[in-house]
Amino acid sequence: MPRTDTAPIISLSGVSKLFGTFKALDQVSLDVREGERVVVCGPSGSGKSTLIRCVNRLEKHDAGEISLDGVVLGNTRASAKVIADTVGMVFQQFNLFPHLTVLNNLTLGPVRSRGMTEAEAETLAMKYLERVKIPEQAHKFPRQLSGGQQQRVAIARALCMEPRVMLFDEPTSALDPEMINEVLDVMAELASSGMTMICVTHEMGFARRVADTMVFMDKGQIVETAPPEIFFTNPESARCQDFLQKILPH
Amino acid sequence: MASFPRSARWLCLIALIPALGACSDRWGWYVVNPTTSSGWTNLTFLMSGLWYTILLSVTAIAISIVLGLLVALPGLSKNPFLRALNRIYVEIVRAPPILVLILWVYYGLPQAADIEISVFWAGVFALALSDSAFEAEIYRAGIQSIDKGQYEAAQTISLGYVDTMRYVILPQAIRRILPAMGNQFVYMLKMSSLVSVIGMQELTRKANELVTAEYRPLEVYSILVLEYLVLILVVSALVRWFERRLTEGEAR
Ligand SMILES: Nc1ncnc2c1ncn2[C@@H]1O[C@H](COP(=O)(O)OP(=O)(O)O)[C@@H](O)[C@H]1O
Ligand SMILES: [Mg+2]
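If you're wondering where the values come from, they're calculated on a predicted model, not measured in any experiment.

Procedures and definitions
Per-chain numbering applies: the sequence of each chain, read as written, is numbered from 1 onward. Each chain is given a letter, starting from A, and each ligand a number, starting from 1, according to the order in which they appear as written. Under the rules for a predicted model, residues below a pLDDT of 70 receive no local features and side-chain atom pairs below 80 are neither given nor counted, while totals for whole chains, interfaces and linings still include all residues. With hydrogens and water excluded, all non-hydrogen atoms of the structure serve as input to the side-chain values. We count a stretch as a helix when DSSP gives it H or I for four or more residues in a row; a strand needs E for two or more, and each element gets its number in order from the N terminus. We compute the radius of gyration over the C-alpha atoms and compare it with the globule rule, which gives 2.2 Å times the number of residues raised to the power 0.38. Think of it in three bands: residues with accessible area under 20% of the maximum for their type are buried, residues over 50% are exposed, and the middle band is partly exposed, with areas taken using a 1.4 Å probe on protein chains only. Here a residue-residue contact requires only that any non-hydrogen atoms of the pair lie within 4.5 Å. Residue-level accessible areas treat just the shown protein chains as cover; the underlying method is Shrake-Rupley with a 1.4 Å probe. In summary, the pairing rule links any two rings of Phe, Tyr or Trp, Trp by its six-membered ring, whose centres are within 6.5 Å, and it sorts them by plane angle into stacked for under 30 degrees, edge-to-face for over 60 and tilted for everything else. For a Lys NZ or an Arg CZ to count as sitting over a ring, it must be within 6 Å of the ring centre and within 35 degrees of the ring normal. To obtain an axis, a line is fitted to C-alpha atoms, over the contacting stretch when the element is a helix, and the angle between two such axes runs from 0 to 180 degrees between their N-to-C directions. Our angle categories are set so that under 35 degrees counts as roughly parallel, over 145 as roughly antiparallel, 65 to 115 as roughly perpendicular, and the remainder as oblique. Should the near helix be turned counterclockwise from the far one by less than a right angle, the crossing is left-handed, whereas a clockwise turn marks it as right-handed. Classification used: nonpolar for Ala, Val, Leu, Ile, Met, Phe, Trp, Tyr, Cys and Pro, charged for Asp, Glu, Lys and Arg, polar for all others including Gly. Confidence of the prediction at every residue is given by pLDDT, a number between 0 and 100. What makes two strands pair is DSSP finding at least two bridges between them. Throughout, the accessible surface (probe 1.4 Å) given up by two parts as they are put together, summed over both, is called the buried area. We define a salt bridge as a contact between a side-chain nitrogen of Lys or Arg and a carboxyl oxygen of Asp or Glu at a distance within 4 Å. Here a polar contact is recorded for every N or O atom pair within 3.5 Å, except that within protein the pair must consist of a potential hydrogen donor and a potential acceptor, and residues adjacent in sequence are included only if both atoms are side-chain atoms. Only heavy atoms are used to decide nearness, and a residue is near a molecule or strand if one of them lies within 4 Å of it.

Q: Would you mind showing me how to read the overall build of chain A here?
A: The secondary structure content of chain A amounts to nine helices and 10 strands. Relative to a compact globule of 250 residues, whose C-alpha radius of gyration would be 18 Å, chain A shows 18 Å and is just as compact. Along the longest, intermediate and shortest principal axes, the C-alpha atoms of chain A span 55 × 45 × 40 Å. Among the 250 residues that make up chain A, the fraction classed as buried is 58%. Across chain A, the fraction of contacts at a sequence separation of at least 24, relative to all contacts at a separation of at least 6, is 65%.

Structure, rendered in structure tokens:
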């Protein structure tokens, strides 16, 4: 269970993001505490990706304030450092480096940006490949692996940077159905180890299992924030009820 | 190398044309007849330009590959000033014909900059300069073809600009642009013949000198055509071999 007595590790207040004149995020506020598992859902185009991409500044927000481990994000060195030290991310499309072996996908970050030796980085990489249960694939190239295996490599690659927060942007949406569970299992294991996570996903079974907090977004706004017990049984807003009706099996 | 025997067959066919011509009295093959001593001397004289042709082209392409990248990178920047620099360089440098650039570098530049420049380096500089604009465009297209997700993934493992380029983007881009660069190299080999006009002792210059001495342009230039043909077939095969080697790993 997340600690409630500490300052949040991620804090967004009144965050807005414009693409041209289109408001992808509209006055979003959200606190995430160390160890908390947040699952974000909502219709396509509601701003879920934009929300988590603002947290590691893949997108730069236009208004409001985001702070990470107490550091306000912006065009500063401290901001870049806190992101590098704190946040890992997993993408829908894996974004593995196709020209590098699995092992080198994992060691690149630790060697180039953490200053580890190749040997240290390989030990670390093997540790996380064990953790995602594919150590035997270390010397293959990404395209030789199945989608589920590739996504697990991507998770291991993020973990090799030893982040305190993991962001997942629909990590199973690009996968064939039979591979979804192997990825969700790895994520659930990660959650049970105490990792702070923000997961954008429509896998509601997974959400029920691991989420401490459910967030529902629509039209760039957070419409509902609730613990899963309440969220799934008794959501407040009509839009959220509507969405759950469509997405949950009857 | 599946393509080699086929190109070899073509070569034989082409070599047959002058051989047939030998029957006609229009041809005077004696000038390059390897069984006579004067013919042999003439042949070795013609081939002696090969080394300079290769050295000139290889040096020029090596420089233009580096220069092209340095020109391409600002062109991919978000900064409009840097992008403008790239455009200006590319548009200006690729406009003049290579022959004009060679003349300008060899005769003009020493006067303008008060330096001495050898025929070889004038040739290298002119070829490299001209090619760098084309290489820059090739790099730009190659780098732009790389998915934006690759940059984002690199960013999430805290790679800076230089590391992202060096370890993530360029290795992928270069695999994609290798065929285009191979073409540029072949083009460069051909354009190196223009450096003969300032007296560079490469293949074409040698042929010109022999023609002046022997008055047998048909035979001498036929040999010259063959020399370039063989050279370029070999280079194309090498480029293809290199391409295959480089893409082997991930394609398996
Ligand atoms: N780079 C971009 N440029 C313009 N519009 C964008 C960009 N990224 C996202 N958007 C728009 O912002 C809205 C929210 O996008 P996104 O955060 O990806 O939604 P979600 O992840 O919930 O599907 C969408 O309408 C999308 O079209
Ligand atoms: Mg999305």
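Q: Help me out: how do you make sense of the overall build of chain B in this one?
A: For chain B, the helix and strand inventory stands at 10 helices and zero strands. For chain B, the succession of helices and strands along the chain, N to C, is α-α-α-α-α-α-α-α-α-α. When each of the 252 residues of chain B is scored for burial, the buried share is 44%. In the form shown here, chain B has an accessible surface area of approximately 13,500 Å², with 68% of it arising from carbon and sulfur atoms.

Q: What's the story with the packing of aromatic side chains in this structure? I'm lost.
A: Working definition: an aromatic ring pair is given by the centre-to-centre distance plus the angle between the planes. A full pass over the atoms with the stated rule returns five aromatic pairs over all chains. Ring geometry for A:F231 against A:F232: centres 5.3 Å apart, planes inclined by 90°, an arrangement best described as edge-to-face. For A:F232, a relative accessible area of 11% puts it in the buried group. Counting every residue linked through ring pairs, the aromatic cluster contains B:Y52, B:F120 and B:W121. In this structure, A:R157 is placed above the aromatic ring of A:F97, and the distance from its NZ or CZ to the ring centre is 4.6 Å. The ring of A:F232 has A:R208 sitting right over it, with the charged end atom 4.5 Å from the ring centre.

Q: I would appreciate a short explanation of the side chain of B:N86 in the present structure.
A: Residue and element names in this part refer to chain B. Here N86 shows up in helix 4 (residues 80–94). Here N86 falls in the buried class, since its relative accessible area comes to 2%. Apart from the residues lying within four places of it in its own chain, the contact partners of N86 are V71, A72, P74 and G75.

Q: Sorry, what's going on with the packing of helix 5 (residues 98–113) of chain B against helix 6 (residues 119–144) of chain B here?
A: Packed helices, taken two at a time, are described by their axes: the angle between them and the distance between them. All names here are of chain B. At a closest axis distance of 9 Å, the pairing of helix 5 and helix 6 adopts a crossing angle of 135°. On the basis of the axis angle, helix 5 is oblique to helix 6. In this structure, the crossing between helix 5 and helix 6 has a hand that is right-handed. Contacts between helix 5 and helix 6 involve I98, L101, I102, V105, Y106 and L109 from the first element and V119, A122, F125, A126, L127, L129 and S130 from the second. Its residues placed into classes, the contact of helix 5 with helix 6 shows 12 nonpolar, one polar and no charged.

Q: Help me understand the confidence of the model for chain B, please; the structure alone is not making it clear to me.
A: Close reading of the predicted structure is inappropriate where its pLDDT is low. For chain B, per-residue confidence averages 88 on the pLDDT scale, and residues scoring 70 or more make up 88% of the total. With a pTM of 0.88, the predicted complex shows an ipTM of 0.94.

Q: Is there a simple way to think about the sheet that holds strand 3 (residues 37–41) of chain A in this case?
A: Consider a sheet: its strands pair through backbone hydrogen bonds, and that pairing is either parallel or antiparallel. Residues and elements named next belong to chain A. Taken in spatial order, the six strands of this open sheet run 6-7-8-3-9-10, and their pairing is mixed. With partners counted over all chains shown, the strands left at the sheet margins are strand 6 (87–90) and strand 10 (221–226), one partner each. Ignoring strand direction, the axes of neighbouring strands in this sheet form an average angle of 20°. Its contacts with the sheet place helix 1 (residues 48–55) against strand 3, strand 6, strand 7 (165–169), strand 8 (196–200) and strand 9 (213–218), and it is angled at close to 150° to strand 7. Here helix 6 (residues 177–192) sits on the sheet and contacts strand 3, strand 7 and strand 8; the angle it forms with strand 8, its principal contact strand, is near 150°.

Q: Even after reading the chapter, I still don't get unusual backbone geometry, so can you show me in this structure?
A: With the exception of glycine, most residues fall at negative phi, and the peptide bonds are largely trans. Not every positive phi belongs to a glycine, and A:D69 is a case in point at roughly 50°. Residue position: A:D69 is located in the loop between strand 4 (63–68) and strand 5 (71–72).

Q: Is there a simple way to explain the interface of chain A and chain B in this structure?
A: When the parts of a complex come together, some accessible area is lost, and that lost area is often taken as the interface size. Residue-level contacts link 24 residues of chain A with 22 residues of chain B. Carbon and sulfur atoms make up 57% of the surface buried where chain A meets chain B, a total of about 1,900 Å² over both sides. Among the residues chain A hides against chain B, the three largest losses belong to A:F97, A:H99 and A:R112. Together they make up 29% of the total. Run the count over chain A and chain B and you get two salt bridges. Notably, a salt bridge pairs B:D163 with A:R112, separated by 3.8 Å at the nearest N-O pair. The interface formed by chain A and chain B contains six residue pairs in polar contact (both at pLDDT 80 or more). Those elements that provide at least two residues to the side of chain A that touches chain B are strand 6 and helix 3 (102–114) of chain A. Looking at which element gives the most residues to the side of chain A that touches chain B, the answer is helix 3 of chain A, with five residues. Each residue belonging to the side of chain A that touches chain B can be placed in one class, and the counts come to 12 nonpolar, six polar and six charged.

Q: Got a minute to help me understand the site of ligand 1 in this structure?
A: Residues and elements named next belong to chain A. Near ligand 1 you find F19, F22, A24, P43, S44, G45, S46, G47, K48, S49 and T50, and these make up its full shell. Here K48 contributes a side-chain N or O atom positioned 2.8 Å from an oxygen atom of ligand 1. T50 places a side-chain nitrogen or oxygen 2.5 Å from an oxygen atom of ligand 1. Out of a free accessible area of 560 Å², ligand 1 has 61% covered by protein chains.

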